[in-house]
Amino acid sequence: MHVEIWSDIACPWCYIGKRRFEAALASFDQRDDVRVTWRSFELDPHAPPEREGDRAAHLAEKYGTTRKQALTMQDTMRDVAAGEGLDFRFDRARAGNTFDAHRLVHHAAEHDLQDAMKERLLRAYLSEGELMSDRAVLARLAFEVGLDADEARDVLAGDRYAAEVREDERTATSLGISAVPFFVVDRQLGAAGAHPPEVLRGLLEQGWTRRSPLSVVAQGESCGVDGC
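A brief look at the structure comes next. (Residues numbered from 1 in each chain as written. Predicted model: local features only at pLDDT ≥ 70, side-chain atom pairs only at ≥ 80, totals over all residues. Heavy atoms only, no water.)

Remark: helix α4 (residues 99-109) packs on helix α7 (residues 149-157), axes separated minimally by 10 Å, with the N-to-C direction vectors making an angle of 130 degrees. As the angle between them shows, α4 and α7 are arranged oblique. α4 and α7 meet at a crossing whose hand is right-handed. Across the interface between the two elements, D100, R103, L104 and H107 from α4 touch E151, A152, V155 and L156 from α7. For the contact of α4 with α7, the class distribution of residues is 4 nonpolar, 1 polar and 3 charged. (Axes fitted to C-alpha atoms, helices over the stretch in contact; angles between N-to-C directions. Helix = DSSP H or I, 4+ residues; strand = E, 2+ residues; numbered from the N terminus. Parallel < 35°, antiparallel > 145°, perpendicular 65-115°, else oblique. Left-handed = near helix turned anticlockwise from the far one by under 90°. Contact = heavy atoms within 4.5 Å. Nonpolar A, V, L, I, M, F, W, Y, C, P; charged D, E, K, R; others polar.)

Right, dumping it as C-alpha cells:
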C-alpha cells in the first residue's frame with residue numbers, strides 16, 4: 001500500500017502530523033507492507049530567501065488578526081507539539097523559501113533517506129532556527145543524515161529535482177489539495193490535517209480493506225510457479 005504525504009517544511013502542523021502518522025503506522029498490523037513517500041508543497045512559493053521582520057506580526061497580517069492573538073496561536077501550537085514530544089521554538093524560526101529544501105528531500109529519496117531528511121529539515125526549521133534557503137545549511141543537514149555533502153552541494157547549486165518538486169505541486173492541485181499535511185492512500189483515499197493517530201490508523205485500515213486483486217475477465221493457457 002502506498003501512502004503519499006504532501007507537506008511543507010515551514011508547516012508546524014506537518015511536523016505534528018508526521019509524528020501522529022508514525023504512531024498510527026506503528027500500530028497498524030500491515031505496516032511492513034506500507035510504502036511512504038513525502039511529496040512537496042510550498043505554503044508560500046513566492047517567499048523570499050528570508051523574510052525579515054516580526055514573525056507574529058506577519059502571521060497577524062496573514063490571518064487578519066492581532067499580533068497578540070498570533071502570539072497566542074503560537075503558544076497553543078507549541079503546547080500541542082510538546083504533547084507529541086516536539087520542541088517548537090518560534091522565537092528562533094527564520095521564515096523563508098523552502099524550494100531548495102524540497103529538492104533535497106527528493107535527492108534523499110534516491111538514496112533511501114527521504115524520511116530521515118524530511119525529519120531533519122523539520123527539526124532544523126521548527127526547533128533549531130535554521131534557514132531553509134541557506135544552501136550551506138542544507139548541505140550540512142544532508143550530511144548529518146548520511147548523504148554525501150559534496151553531492152548535496154552539487155544538487156543545490158543546480159536545478160536537479162526542480163521538475164519533481166513542481167510535479168508534486170501540480171499533482172496536489174489536481175487532487176484538490178490546498179492545505180497540508182494531506183495524506184493520500186493509493187490515490188483512492190485522503191485525509192486533510194494532522195489528525196490523531198487513531199484517525200490516521202483508520203485511514204490505513206480503510207485503504208488496506210480496499211485493496212483487492214485484479215479482476216480477471218478471461219482465463220487461458222499459461223505457466224505458473226508449479227509448471228505449465
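Contact pair helix α6 (residues 135-144) / α7: the axes reach a minimum separation of 8 Å and the direction vectors enclose 140 degrees. Remark: the crossing between α6 and α7 carries right-handed chirality. Here R135, L138, A139, A142 and F143 of α6 come into contact with α7, specifically with A149, A152, R153, L156 and A157. Across the contact of α6 with α7, the residue classes break down as 8 nonpolar, no polar and 2 charged.

With that out of the way, let us pick up the sheet that holds strand β2 (residues 35-40). If you walk across this open sheet you meet the 4 strands as β2-β1-β3-β4, and the pairing is mixed. The open sheet has two edge strands with one neighbour each: β2 and β4 (189-192). With strand direction ignored, the average angle separating the axes of adjacent strands in the sheet is 20 degrees. Inspection of the sheet shows strand β3 (residues 182-185) paired to β4 by 4 bridges, in the antiparallel sense. Its bridge partner lying in β4, V185 is registered against L189. Sheet strands in contact with helix α8 (residues 162-174) are β1 (2-7) and β2, and its direction is about 95 degrees off that of β2. (Pairing = 2+ DSSP bridges.)

Further remarks concern the nonpolar core. Among the nonpolar cores identified, the biggest contains 45 residues, and F21, F88, M117, L121 and M132 are the most heavily contacted of them. With residues near it in sequence (within four places) discarded, M117 still touches L104, V105, A108, L141, A142, V145 and L147. With 9 residues, the next largest nonpolar core counts C11, C14, A172 and V184 among its residues. (Core = buried A, V, L, I, M, F, W, Y, C linked by side-chain atoms within 4.5 Å. Buried < 20%, exposed > 50% of the residue type's maximum accessible area, 1.4 Å probe, protein only.)

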